[in-house]
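Summary of the model geometry
Read off the chains here:
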Amino acid sequence: MTFSIQKANFWKRFSAWMIDTFLVLLLSVALSIPMLEILQLNRYSEQLSAIQTTYRAQIEEQYPNVDLDISEDDYNALPQPEKDEYDAASKALDDLLSADKEFVELRADRITVIIINACITLFISVLFAHFVLPLLLKNGQTLGKKTFHLGVMRTNGVKITPLQLFLRSIVGMFAIETVAFAFLLIIFPIGTIAAGLVLILQAGVMIKTPTNSAIHDLLSDTVVIEFSSQHIFNSEDERKEFFAREEAEAENDDKDE
């Protein structure tokens, strides 16, 4: 038997990725509900609402004919003088809120809580879907990969280790390809350009590498394979023994000829 890498079909990999991504998003949403309670997001929202209500009352006294709750269609239907009065009232409210130090700090804290929640819940979800579950299913199989009979091994054919799985899923997928990429997207415009270059790099790596590997595979020295037809060595020693036998058999065949 000759060893060869049975690299996974692109569409199988994509389909498996879709299932795993859905699982991660589902877990993240489910975890966000209790996590936002723990982080007390409602407290920030209630305090912001109270400050806004106070200032809105002041603006309504100054502009008794203005309804700040009208829809965009109703606003567009207003005569120009009433639009001007609405714009003046809206700007006055924004100025009051922007000048209120407590309101500005609370709003920043609320955004921070939302970001922290997203990072924590996404981390836990990725940890479960791409690290814990593959450890249980073995051979780097996620739920998606298990569904489509795919697996993950080291590029030399040896079984993936927990350390490599951690590098692949947490450092590669989560830290670099998700968190760092998302961070670049919010730094406009330089970060957005950099994020686009990262996508191009990812596509180039997958096209040019012999195993069609993504960045997280290069980082962990792994490859996605067709599990049902791939021979995977349990250890380096087993791999050496296999190739030693192959070499010995080849030498015997040469002598017979």
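This text follows the structure it describes.
Residues numbered from 1 in each chain as written. Predicted model: local features only at pLDDT ≥ 70, side-chain atom pairs only at ≥ 80, totals over all residues. Heavy atoms only, no water.

Turning next to the environment of Tyr-55. Mapping Tyr-55 onto the fold places it in helix 2 (residues 41-62). For the pair Tyr-55 and Met-206, spaced 151 residues apart in sequence, the C-alpha separation works out to 55 Å. (Helix = DSSP H or I, 4+ residues; strand = E, 2+ residues; numbered from the N terminus.)

Before going further, it helps to examine the packing of helix 2 against helix 5 (residues 101-137). In a packed pair of helices, the relevant descriptors are the angle between the two axes and the axis-to-axis distance. It is at 10 Å that the axes of helix 2 and helix 5 come closest, and there the two elements cross at 150°. By the angle between their directions, the pair helix 2 and helix 5 is classed as roughly antiparallel. With respect to the hand of their crossing, helix 2 and helix 5 are arranged in left-handed fashion. Taking contact as the criterion, the partners of Leu-41, Tyr-44, Ser-45, Gln-47, Leu-48, Ile-51 and Gln-52 in helix 2 are, on helix 5, Glu-102, Phe-103, Leu-106, Arg-107, Asp-109, Arg-110, Val-113 and Ile-114. Looking at the contact of helix 2 with helix 5, its residues break down into eight nonpolar, three polar and four charged. (Axes fitted to C-alpha atoms, helices over the stretch in contact; angles between N-to-C directions. Parallel < 35°, antiparallel > 145°, perpendicular 65-115°, else oblique. Left-handed = near helix turned anticlockwise from the far one by under 90°. Contact = heavy atoms within 4.5 Å. Nonpolar A, V, L, I, M, F, W, Y, C, P; charged D, E, K, R; others polar.)

To continue, consider the packing of helix 1 (residues 10-38) against helix 5. In contact at an axis separation of 8 Å, helix 1 and helix 5 are set at 135° when each is read in the N-to-C sense. In terms of orientation, helix 1 lies oblique with respect to helix 5. In this structure, helix 1 meets helix 5 at a crossing whose hand is right-handed. Across the interface between the two elements, Asp-20, Leu-23, Val-24, Leu-27, Ser-28, Leu-31, Ser-32, Met-35 and Leu-36 from helix 1 touch Asn-117, Ile-120, Thr-121, Leu-122, Ile-124, Ser-125, Val-126, Phe-128, Ala-129, His-130 and Leu-133 from helix 5. Class assignment of the residues belonging to the contact of helix 1 with helix 5 gives a composition of 13 nonpolar, six polar and one charged.

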